[in-house]
Amino acid sequence: MDKEYVGFATLPNQLHRKSVKKGFDFTLMVAGESGLGKSTLINSLFLTNLYEDRQVPEARARLTQTLTIECRGVEIEEGGIKVKLTLVDTPGFGDSVDCSDCWLPVVRFIEQQFEQYLRDESGLNRKNIQDSRVHCCLYFISPFGRGLRPLDVAFLRAVHEKVNIIPVIGKADALMPKETQALKQKIREQLQEEEINIYQFPDCDSDEDEDFKRQDAEMKESIPFAVVGSCEVVRDGGTRPVRGRCYSWGTVEVENPHHCDFLNLRRMLVQTHLQDLKEVTHDLLYEGYRARCLQSLARPGARDRASRSKLSRQSATEIPLPMLPLADTEKLIREKDEELRRMQEMLEKMQAQMQQSQAQGEQSDAL
Amino acid sequence: MDPLRQSPSPSSSRASSPRTLPCEMLGYVGIEAVLDQLKIKAMKMGFEFNIMVVGQSGLGKSTMVNTLFKSKMWKSTMPGLGVPTPQTLQLQSVTHVIEESGVKLKLTVTDTPGFGDQINNDKCWDPILGYINEQYEQYLQEEILITRQRHIPDTRVHCCVYFVPPTGHCLRPLDIEFLQRLCRTVNVVPVIARADSLTIEEREAFRHRIQENLKTHGIEVYPQKCFDEDINDKILNSKIRERIPFAVVGADREHIVNGRCVLGRKTKWGIIEVENMAHCEFPLLRDLLIRSHLQDLKDITHNVHYENYRIFRLNESHVLPRGPGWVNLAPAPASVPAPAGPQATPGPPKVGWWAKDNSDEEC
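Residues numbered from 1 in each chain as written. Chains lettered and ligands numbered in written order. Predicted model: local features only at pLDDT ≥ 70, side-chain atom pairs only at ≥ 80, totals over all residues. Heavy atoms only, no water.

Chain B is annotated in an unreviewed UniProt entry as Septin from Lipotes vexillifer. The UniProt entry for chain B carries the following comment under Subunit (unreviewed entry): "Septins polymerize into heterooligomeric protein complexes that form filaments." Under the UniProt heading Sequence similarities (unreviewed entry), the entry covering chain B gives this text: "Belongs to the TRAFAC class TrmE-Era-EngA-EngB-Septin-like GTPase superfamily. Septin GTPase family." (UniProt positions renumbered as here; feature names shortened; annotations may be inferred.)

Looking at an unreviewed UniProt entry, one finds chain A named Septin, with Lipotes vexillifer as its source organism.

**Topic: the sheet that holds strand E7 (residues 254-257) of chain B**
All names here are of chain B. Across the sheet, which stays open at both edges, the 3 strands sit in the order E7-E8-E9 with antiparallel pairing between neighbours. Two strands in the sheet have a free side with no partner beyond their single neighbour: E7 and strand E9 (270-273). Strand-to-strand twist across the sheet, computed as the mean angle between neighbouring axes with direction ignored, equals 65 degrees. (Pairing = 2+ DSSP bridges. Helix = DSSP H or I, 4+ residues; strand = E, 2+ residues; numbered from the N terminus. Axes fitted to C-alpha atoms, helices over the stretch in contact; angles between N-to-C directions.)

**Some words on the UniProt feature "site: Important for dimerization" (unreviewed entry) in chain A**
Mapped onto this numbering, the UniProt entry annotates "site: Important for dimerization" (unreviewed entry) at Phe144 of chain A. The class for Phe144 of chain A is buried, based on a relative accessible area of 4%. (Buried < 20%, exposed > 50% of the residue type's maximum accessible area, 1.4 Å probe, protein only.)

**Regarding the sheet that holds strand E1 (residues 47-54) of chain B**
All names here are of chain B. Here 6 strands make up an open sheet; going across it, the order is E2-E3-E1-E4-E5-E6 and the pairing mixed. With one partner strand each, in any of the chains shown, strand E2 (92-100) and strand E6 (246-247) form the two edges of the open sheet. With 2 bridges joining them, strand E5 (residues 188-192) and E6 adopt parallel strand pairing. In the strand pairing of E6, Val191 is matched with Phe246. Taken strand by strand, helix H4 (residues 173-182) contacts E1, strand E4 (159-164) and E5, and its axis lies near 170 degrees from that of E4. (Contact = heavy atoms within 4.5 Å.)

**Concerning the interface of chain A and chain B**
In this complex, chain A contributes 46 residues to the contact, which on the side of chain B involves 49 residues. Summed over both partners, the interface of chain A with chain B buries about 4300 Å², with 58% contributed by carbon and sulfur atoms. On the chain A side of the contact with chain B, Val97, Arg146 and Trp249 of chain A bury the most area, a combined 21% of that side's loss. With a shortest N-O distance of 3.9 Å, Asp117 of chain B and Arg149 of chain A are connected by a salt bridge. Viewed at the interface, chain B and chain A are joined by 12 residue pairs in polar contact (both at pLDDT 80 or more). Those elements that place two or more of their residues in the side of chain A that touches chain B are helix H3 (59-63), helix H5 (150-159), helix H6 (177-193), strand E8 (241-247) and strand E9 (250-253) of chain A. Here the side of chain A that touches chain B takes 6 residues from H6 of chain A, the largest share from any one element. Residues of the side of chain A that touches chain B, tallied by class, amount to 22 nonpolar, 10 polar and 14 charged. (Buried area = accessible area lost by both parts, 1.4 Å probe. Salt bridge = Lys/Arg side-chain N within 4 Å of Asp/Glu carboxyl O. Polar contact = N/O pair within 3.5 Å; in protein donor to acceptor, adjacent residues only side chain to side chain. Nonpolar A, V, L, I, M, F, W, Y, C, P; charged D, E, K, R; others polar.)

Okay, here's the thing in structure tokens:
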């Protein structure tokens, strides 16, 4: 038996150890009109006070405010695993009287991150590539509207091919159950009508257990998530303390699945789909951007793209991307494709091994 | 005109003028019966009240109107159902006659769907200002006729209820732009809409910030400080001014709570009772608009806002010199839209009447 046991069944563990050592980094963007509970939700999701020193600008200041992009970084550790979370906030979105084109700075920011990664990837020193690409965008929809507003549609159409979008209904405790259902239905219909591609949850494998499948189906049904955020712990009529909002007619519990979809969102974002979001960003969205970018380089009208990227360059590197001769870029593309293929094969082998060892384990249990 | 209308100038004092001495009465004459006579006349003629509701879609405007007047004035729709929001602002008016204890009220509600819903909301207040000025213009035209009707139909907007979305932060630029322009033309009552998404502390903080914003930008909402006539009014209105804007919730479904049948919204964590002061301030709004200040709203509209409009129009047509009757609510805006309407100068027979008035003034 020992002769046939090679030992690469430990590969998953090795991967696990390496990832734990390396840590994860995740960039989350929150967008939506002000006053929809974005900051409170982020604080509730990650149980940190990311917005401690925040000052809501006064009305006078808001009259001349334009959209700004703010990044905050925080390191969260749980069970020995470190997550470097970067939050991208968009204060000023949808605030002014005339919001035309207010989404352009956001689109530019997302593309800048892709550009930065493309440069780093094509550069000479690839040891420590910082991945600052936006992996997920939580878009907050107002519970008081009748579905998506024209501004929501315009923003989503501008970013849906560039970032994973998860639509969320903020301040969902303003709605009665029937209203929540009707609003979700309407939003889903509108998203389909406007052909906006939100993040699609991958179907779970057929060999997952029933419980997981049920949870997964429930989660897919409840998009967009109707959430309530709170960092305050309240006593709900003498029972155990819960996180919630205390009104004079009752208490909304944030972690109660009957009250809102906060648990679903947290499970999805942090527990089950964090890695998938990163993968989709890398494999689909970034590759799409890269293909477009390189294709436009191959065409003669690539001069102005080169000058634009040069201007947006912040840190210094040796050779800016557009000056690479074509042959080199071709080689790069082929190398990357080769790498991808190899990694995919390895992954499949590991999965097969895991299944085998699981089957073996069950057999030995039965015995 | 209203039988209970007071004298034109709000600065006229009700106390006896120095030339008439109070006289002692030696017995019961029956003068107080004049109040009954007034009442009977009023009941026969009925009252008119025109209210306008302004705010983004989904803030519960139609439901609020239904709740205020306890009748299905509008069909309030759930999110997702109903007509999609129009691309441009359209004003819709609906008139109902409701009756209570023999008193008839002809109520007109003007809704403003599409307000603040577009991407570019610049000048979205122009149609509303235009509508209000149009109603003033119609009344003015009726008033300056030689043979006037006995009772001029009053379509002027007596009160504009502005719904502020419950963001919890402060007034948005759109709110400020709108309120600044409208508070000079009509009585504006701002309310915090859908207040069931704010806790009591959040409401107080939000209210406080809104009050500060209103003060900073010079917005005078109803009840305006400058129209308090005597000390009683001041005390009463100050109490109201402390609580403006009211945090309201509207509902048109009934539920059973503790054996009583109440209007409310039923959620999984409790029932929000609309008429319970501990839950929301809807009773305060209802009392202000209907039970205590309805007549005052009409008076201020007639005596102040309409008069201002009239003086502006007559000045425009160079017929009446700017005299002591001008009431300045706020610094005169440069951008009061000149209403498009019938000719500024009246036709030949009317000029005669005005000329006579002019000569009286000059004497």
